[in-house]
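A look at the structure
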Amino acid sequence: VQLQASGGGGVQAGGSLRLSCASSGLVFTKYTLGWFRQAPGREREFVAGITWSTGITQYADSVKGRFTISKDNAKNTVYLQMNSLKPEDTAVYYCAAERTPFSVLTTPTRYASWGQGTQVTVSS
């Protein structure tokens, strides 16, 4: 299973970015999709997740009200809209998928499929 994450880049504090995650070999219908991030020297942490079939979403407290996860069924793509970015949002962002349709998984080890990561750098 291949997941491709894209959309990262450099932005000033207060700016916005939209990350995308698509699959070349996976139909997301019965999956939960998650976005995680990992900053240098830190563990990978949950950012946001969505269940594909029911659209249930969940966010880390640190991004609530600023980030929005969404999906496009036709494009089989999940997005992470990131607004009001802060320097502490700087990290490599990863998308992940796991075949479980009913609840968002927040633990990285619960996910079997991962994208390659995309760097987000927020300057002050």
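For the structure, see preceding data.
Residues numbered from 1 in each chain as written. Predicted model: local features only at pLDDT ≥ 70, side-chain atom pairs only at ≥ 80, totals over all residues. Heavy atoms only, no water.

**Points about the nonpolar core**
Quick note on the threshold: By convention a nonpolar core is built from buried Ala, Val, Leu, Ile, Met, Phe, Trp, Tyr and Cys residues, the set being connected through side-chain atoms within 4.5 Å. Partly exposed residues are those whose accessible area sits between 20% and 50% of the maximum for their type, while under 20% is buried and over 50% is exposed, using a 1.4 Å probe and protein chains only. Segments assigned H or I by DSSP are reported as helices when at least four residues long, segments assigned E as strands when at least two residues long, and all are numbered from the N terminus.
In terms of nonpolar packing, the biggest core is built from 37 residues, with W35, L80, M82 and Y93 touching the most fellow members. Among the secondary structure elements, those contributing two or more residues to this core are β1 (3-6), β3 (17-23), β4 (32-38), β5 (45-51), β7 (67-72), β8 (77-82), β9 (91-98) and β11 (118-123). Per-element tally for this core: the top contributor is β9, with 5 residues.

**Focus: the state of the cysteines**
So the rule is basically this: The definition used for a disulfide is geometric: two cysteine sulfur atoms within 2.5 Å.
The full count for this structure, using the stated rule, is 1 disulfide. There is a disulfide in this structure between C21 and C95, and the S-S distance comes to 2.1 Å. Since a negative S-S torsion denotes a left-handed disulfide, the C21-C95 link at about 65° is right-handed. One end of the pair, C21, is in strand β3; the other, C95, is in strand β9, with 74 residues separating them in the sequence. We classify C21 as buried; its relative accessible area is 0%.

**Focus: the pattern of salt bridges**
Here is the rule we go by: In what follows, salt bridge is the name for a side-chain nitrogen of Lys or Arg lying within 4 Å of a carboxyl oxygen of Asp or Glu.
Taken as a whole and assessed by the stated rule, the structure comprises 4 salt bridges. Put simply, R37 and E45 hold a salt bridge, and the shortest N to O gap is 2.6 Å. In this structure, the salt-bridge partner of D61 is K64, at a minimum N-O distance of 3.1 Å. For the pair D61 and K64, a shared accessibility class is recorded, and that class is exposed. Each of the salt bridges in this network shares a partner with another, and the network as a whole consists of R37, E45, R66 and D89.

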